[in-house]
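Observations on the model geometry
Listed below are the residues making up each chain.
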Amino acid sequence: MYSQRCQHLWHGFHAVTMEEGRYNTVENAAIAVDNGVISWVGRYADFSGVASEYTDLGGGWVTPGLIDCHSHIVFGANRSREFELRLQGASYEEIARAGGGIANTVKATRQASDTELLQRAESLLLDLMADGVTTLEVKSGYGLDLENETKMLRVARELEKQWPVDIMTTCLAAHALPPEFSDGDAYIDYLCETVLPAIAEQQLADAVDGFCEKIAFSPAQIKRYLQTAVGLGLPLKLHAEQLSALGGSKMAAELGALSVDHLEYATVEDVAAMAEYGTVAVILPGAFYVLKETQQPPVQLLRDYNVPMALASDANPGSSPVRSLRLMMNMACTLFGFTPEEALAGVTCHAARALGLAETHGILTAGKQADFVCWNIESPAELSYWLGGRLNKARVKRGVRRDI
Ligand code: NIG
Ligand code: FE
């Protein structure tokens, strides 16, 4: 029973709160909101207070606003030409080694103005938001020098000023070797001595990420870079075990990383370390699908070790040109055996934890930010079941209805 006064009472729907990663269904629910924060969630029949404003959403299901905890939506140009080359048989690795891939995007991103990058990013952002995203992580990583990494992060921060979405920025300067360097160690020196300190000083990044892979940086190089980030007080994330098993995820977990991402080749040692240090596994079905990978992420092992599994778009112009987070929910179920409940937890409460936002985001309960979406569906499993389409009918950000 809730008998207090509140600013706004939302009702006319069933809700899943997603506390502890479970649906926790509330039928005929209501959500009380004060100053953008949830003050109560329960059955409408149990509300005996008074609200200054009432909104009847007219049916459907409410979930926490979706959180996309891994994206690269700021970039200079798309790579549909490489898509065509891959269809003719070239692999992602071959294209990267021949100077295409990430290097291609770096060239275009360095040439692009802030305005051009912003416009391109907005195009993806609006599609992701239209499909229910209320919080999005955005990485740099196509600048690869101080000027262009800061440009990307500035653009990412600008998105939050322009649109009703929370943006978390991540510095991914250790993404690839830029053309002006021939030695990975020397580039890592430059990042540790110049780029990371400047980005920390300007407070442009909420976290630091790298790419630990044979075609990118070794575990030893990444360790040095992540340790520098720790010294600067920045939280860690890591792209690891995507194409081969190098033990990057174990190393990042031991350094206290919020998440390690991709993980197709993660071993039992990696997973055990993630469990021990509380690191979230971010699963990225878009890149797996686009690159036609066959090695599946160790989903059952992650379950056995109780490692929370988040799901994200990895939206980027190369390996994952994804514009819908719900599509990732479907792919995680179809390709990796997630349950629809796990998929929804992956884009709500576990994604919040992967961003260090578990205190404020990802579940519907008193004290959390009032970010929620009302979907025109008859059961929550439909969020993973339908491929594409426009299912959401209302999107509430910080307590304000902001349908786009
Ligand atoms: O997350 N794995 C490395 N980075 C991106 C791909 C970036 C690109 O191809 O442009 C990823 O998949
Ligand atoms: Fe990525």
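Details of the structure are given in the entry above.
Residue positions within a chain follow its written sequence, with the count starting from 1. All chains are assigned letters beginning at A, and all ligands numbers beginning at 1, according to the order in which they are written. At least 70 in pLDDT is required for a residue's local features to be given in this predicted model, at least 80 for side-chain atom pairs to be given and counted, and no such filter applies to totals for whole chains, interfaces and linings, which use all residues. Excluding hydrogens and water, the side-chain figures rest on all heavy atoms present in the structure.

Examining the pattern of salt bridges
We count it as follows: Criterion for a salt bridge: a side-chain nitrogen of Lys or Arg within 4 Å of a carboxyl oxygen of Asp or Glu. Helical segments are the DSSP runs of H or I of at least four residues, strand segments are the runs of E of at least two, and each set is numbered from the N terminus. Accessibility here uses a 1.4 Å probe with only protein chains present; expressed as a share of the type maximum, an area under 20% marks a residue as buried, one over 50% as exposed, and anything in between as partly exposed.
Tallied over the entire structure, the rule returns 22 salt bridges. The salt bridge involving R120 is made with E116; its shortest N-O contact spans 3.3 Å. Taken together, the residues span about one helical turn, with R120 and E116 both in helix α4 (residues 114–130) at a distance of four residues. For the salt bridge of D209 with K139, the shortest nitrogen-to-oxygen distance reads 2.7 Å. Within this pair, whereas D209 is found in strand β9 (residues 207–212), its partner K139 is found in strand β7 (residues 133–139), the two being separated by 70 residues in sequence. Summarising the burial analysis for this pair, D209 and K139 share the class buried. Ionic contacts of the salt-bridge type, sharing partners, join the residues D166, D371, K397 and R398 into one network.

Focus on the site of ligand 1
Here is the rule: The cutoff for a nearby residue is simple: one of its non-hydrogen atoms must lie within 4 Å of the molecule or strand. What qualifies as a polar contact is a pair of N or O atoms within 3.5 Å, subject to a donor-acceptor requirement within protein and to the restriction that residues adjacent in sequence count only when both atoms come from side chains. Per-residue accessibility takes into account occlusion by the displayed protein chains alone, with areas from the Shrake-Rupley method and a 1.4 Å probe. A cavity, in this analysis, means grid points on a 1 Å lattice covering only the protein atoms where a 1.4 Å probe fits yet has no way out; a pocket is instead an open set bounded by protein on both sides within 12 Å along at least five of seven lines, and a residue lines either one if it has an atom within 4 Å of a point. Molecule-in-pocket calls rest on the fraction of atoms, with more than half required to lie within 2 Å of the cavity or pocket grid points. Residues are grouped as follows: Ala, Val, Leu, Ile, Met, Phe, Trp, Tyr, Cys and Pro are nonpolar; Asp, Glu, Lys and Arg are charged; every other residue, Gly included, is polar.
The full set close to ligand 1 counts 15 residues, and R79, Y92, Y142, H175 and S319 are the nearest of them. Between H239 and ligand 1, the recorded distance is 3.1 Å, taken from a side-chain N or O atom to an oxygen atom. Within the side chain of Q242, one N or O atom sits 2.9 Å away from a nitrogen atom of ligand 1. When ligand 1 sits alone it has 330 Å² of accessible area, and the protein chains cover 100% of it. Structurally, ligand 1 is housed in the largest cavity. Grouping the constituent residues of the shell around ligand 1 by class yields four nonpolar, nine polar and two charged.

With respect to the packing of aromatic side chains
Put simply, the rule reads: When two rings of Phe, Tyr or Trp (its six-membered ring) have centres within 6.5 Å they constitute a pair, described as stacked for plane angles under 30 degrees, edge-to-face for angles over 60, and tilted for the intermediate range.
Scanning the entire structure with this criterion turns up ten aromatic pairs. For the ring pair Y2 and W40, a centre distance of 5.3 Å and an interplane angle of 20° mean the geometry is stacked. Of the two residues, Y2 is situated in the segment before β1 (5–16) and W40 in strand β3 (residues 37–43); the sequence distance between them amounts to 38 residues. Taking relative accessible area as the criterion, Y2 reaches 8% and is therefore assigned buried. Pairing F181 with Y187 gives two aromatic rings, centres 5.2 Å apart and planes at 65°, and the pair type is edge-to-face.

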